[in-house]
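So you can see what is in the structure, the chains are spelled out below.
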Amino acid sequence: MRRLLAALAATTLLLTACSGTDDSTDDAAVEAPADDSADDSTDDGSDDGEGAAEDGEPFVFGMILVGPRDDRGYSQAHFEGGEYIEANLPGAEMIVVDSVNPADKPEISVESVVTDMIDQGAQLIFATSDDMRDGILAAAAEHPDVPMIWSSGDSAWEDGEGYQPDLTNLGNVFGRMELTKALAGCAAAMTTETGHLAYLGPIVNSETIRLVNSTYLGARHCWTETRGEAAEDLTFEVTYIGFWFNIPGVTLDPTQVVNDFYAGGADVVLSGIDTTEAIVRTGQLAEAGDAVHAVPYDFLGACDEAPDVCLGVPYFNWGPAYLETAQSVVDGSFAGDFRWLGPDADDINDLDASTVGFLKGPGLGDDAAAAVDELTAGLLDGSVGLFAGPLVLQDGTTYVADGEVATDQQVWYFPGLLEGIDGTAETQE
């Protein structure tokens, strides 16, 4: 990861700004909270326990995003999680810096952003991307009295490989996206006419490897168990572009990768990148007469980019977990712990309870929708074990033996892609 970030920084002067960033996101300075957001801070919260700041002072928190706040993907989902705090915690005000990556803002670092936010009164910081690791670890050490959350990280996980026991002010929050990615795979497998699915991958790390594997396992389940097809007749290929979103001259062009997928025989593309190229390009091809579908990622409203071809979207819903974190800071009960949160068992699309969800799209047929519902129920009640063995890696190594079930550590730290997936866990040249 550090080698990639160094390469990105070295090539920054040759790059254009990342697509989708508007003028409001170009300024490297921390954006102060809007004055009118203090209107809700008059309730002191003493009677209802809603956590308004003492003496009517605002509760200020910082949100650091890797991409634009309006990317219709990963960063927008976090940004709206911050807005959820503002809407539900009296007196809460968010300051935000987006597009914090070496290509878009080489002049700033995560550490400097954190310091600026604290100087402006931030009492809680959210760093929302895996590649912010070094910066947020350093910032947490520099400001030990300020609670921070590193989303996607493992620094607070006692059983994790990246455990940092001295950083008691730094917690981790992430969603068990593996389950809803499996539903995406099921939707794709139930829809394909060619038996050829393709996955648009971002950067290579433990998170993205386990999500590719989860998508494949969900696809294989519905392909074999519901459709009754032979596993070897399902083609599932993956290409990684090299970062979370397109950086011209550094990453592969995701639109071209999507074109290559379809030219190679795929008829469903599943996205694993932060932005919307897969669904947008698929919609364009469908308008030209191609029988293709796509599954976007990250953001609840992603299907809106091309509804007719959208089979559904596995999405993050950060609001409830982020609100709980903010409330704990107000209450003085914050704990820098590790939380890997699954969907709500009663309703995976409950936006006040579920950290991850799967919203079925307009392009999903009735039989496919029924299969998705069946798999959802099986995953939630445990009758379907997504990570039950045997799980064999591409090199033939048995990772989880027959009759066993992968532990959380085995799922989080998958060492490679599973047998049955075409492609490698590396950026393609």
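Residues numbered from 1 in each chain as written. Predicted model: local features only at pLDDT ≥ 70, side-chain atom pairs only at ≥ 80, totals over all residues. Heavy atoms only, no water.

Undergrad: Teacher, can you tell me more about the overall build of the protein chain here?
TA: Along the protein chain, the regular secondary structure elements total 11 helices and 15 strands. Residues classed as buried in the protein chain amount to 57% of the 429 residues present. Taking as baseline every contact in the protein chain between residues at least 6 positions apart, the subset at least 24 positions apart corresponds to 71%. Summed over all atoms, the accessible surface of the protein chain reaches about 16900 Å², with 45% contributed by carbon and sulfur. (Helix = DSSP H or I, 4+ residues; strand = E, 2+ residues; numbered from the N terminus. Buried < 20%, exposed > 50% of the residue type's maximum accessible area, 1.4 Å probe, protein only. Contact = heavy atoms within 4.5 Å. Areas by Shrake-Rupley, 256 points an atom, 1.4 Å probe, with all protein chains shown as cover.)

Undergrad: Honestly, empty space enclosed by the protein in this entry has me stumped. Any pointers?
TA: Evaluated as defined, the whole model comprises 2 cavities of 30 Å³ or more. The calculated volume of the largest cavity comes to roughly 110 Å³. Taken together, 15 residues make up the lining of the largest cavity; nearest its centre are E207, W244, G272, D274 and Y297. Ranked by residues supplied to the lining of the largest cavity, first place goes to helix α6 (residues 206–226) with 3 residues. For the lining of the largest cavity, the class distribution of residues is 7 nonpolar, 3 polar and 5 charged. Each of domain 1 (59–175) and domain 2 (177–316 + 356–422) accounts for three or more of the residues forming the lining of the largest cavity. Empty space within the second largest cavity amounts to approximately 40 Å³. Forming the walls of the second largest cavity are L179, T180, L183, P343, I348, T376, L379 and L380. Elements supplying a minimum of two residues to the lining of the second largest cavity: α5 (177–191) and α10 (366–381). Residues belonging to the lining of the second largest cavity are distributed by class as follows: 6 nonpolar, 2 polar and no charged. (1 Å grid on protein atoms, 1.4 Å probe; cavity = no way out; pocket = protein on both sides within 12 Å on 5 of 7 lines; lining within 4 Å. Points joined across faces, edges and corners; volume = space filled by probe spheres on them. Nonpolar A, V, L, I, M, F, W, Y, C, P; charged D, E, K, R; others polar. Domains from an automatic or database assignment.)

Undergrad: Would you mind going over the pattern of salt bridges with me for this structure?
TA: It is possible for side chains bearing opposite charge to pair when their charged atoms get close. If you walk through the whole model with that rule in mind, you get 8 salt bridges. Measuring nitrogen to oxygen at the nearest pair gives 2.7 Å for the salt bridge that ties D98 to R69. Taken together, the residues span a long stretch of sequence, with D98 in the loop between β2 (92–97) and α3 (110–119) and R69 in the loop between β1 (59–64) and α2 (74–88) at a distance of 29 residues. Neither residue differs from the other here; D98 and R69 are each classed as buried. (Salt bridge = Lys/Arg side-chain N within 4 Å of Asp/Glu carboxyl O.)

Undergrad: Even after reading the chapter, I still don't get unusual backbone geometry, so can you show me in this structure?
TA: Apart from glycine, the bulk of residues carry a negative phi angle, and the bulk of peptide bonds sit in the trans form. The amide bond that connects G389 to the next residue, P390, takes the cis arrangement and shows omega of 5 degrees. Looking at the secondary structure, you find P390 in the loop between α10 and β13 (391–392). Positioned with a positive phi, D298 is a non-glycine residue whose angle comes to about 85 degrees. On the secondary structure map, D298 appears in the loop between β9 (293–295) and β10 (312–316).

Undergrad: Explanation requested: the confidence of the model for the protein chain in the structure shown.
TA: Detailed conclusions should not be drawn from predicted coordinates in areas where pLDDT is low. This prediction gives the protein chain a mean pLDDT of 89; 86% of its residues lie at or above 70. In the predicted structure, residues 1–52 sits below a pLDDT of 50 and forms 89 contacts with residues beyond four places in sequence or in another chain. (pLDDT = per-residue confidence, 0-100.)

Undergrad: How should the sheet that holds strand β6 (residues 196–201) be read in this particular structure?
TA: The strands making up a sheet associate through hydrogen bonds between their backbones, and the pairing can be parallel or antiparallel. The strand order β9-β8-β6-β7-β15 describes an open sheet built from 5 strands, whose pairing is parallel. A single partner strand is all that each edge strand has here, and the edge strands are β9 and β15 (421–422). Across the sheet, α6 is in contact with β6, β7 (235–240), β8 (268–271) and β15; its angle to β7 comes to roughly 165 degrees. (Pairing = 2+ DSSP bridges. Axes fitted to C-alpha atoms, helices over the stretch in contact; angles between N-to-C directions.)

Undergrad: Explain the sheet that holds strand β11 (residues 338–341) here, please?
TA: Taken together, 6 strands build an open sheet; the order of strands is β2-β1-β3-β4-β5-β11 and the sheet is parallel. Only two strands of the sheet have a single neighbouring strand rather than two, namely β2 and β11. On average, adjacent strands in this sheet sit at an angle of 20 degrees to one another, irrespective of strand direction. Looking at chain direction, β1 and strand β3 (residues 124–127) are connected through 4 bridges and run parallel.

Undergrad: Just to check I follow, could you spell out a nonpolar patch on the surface for this structure?
TA: Together, L300, L351 and L359 make up an exposed nonpolar region whose accessible area comes to about 200 Å². With respect to the helices and strands, the residue L300 is situated in the loop between β9 and β10. The exposure class of L300 is partly exposed, given its relative accessible area of 31%. (Patch = residues over 30% accessible without salt bridge, like charges linked within 9 Å, V, L, I, M, F, W, Y side chains within 5 Å.)

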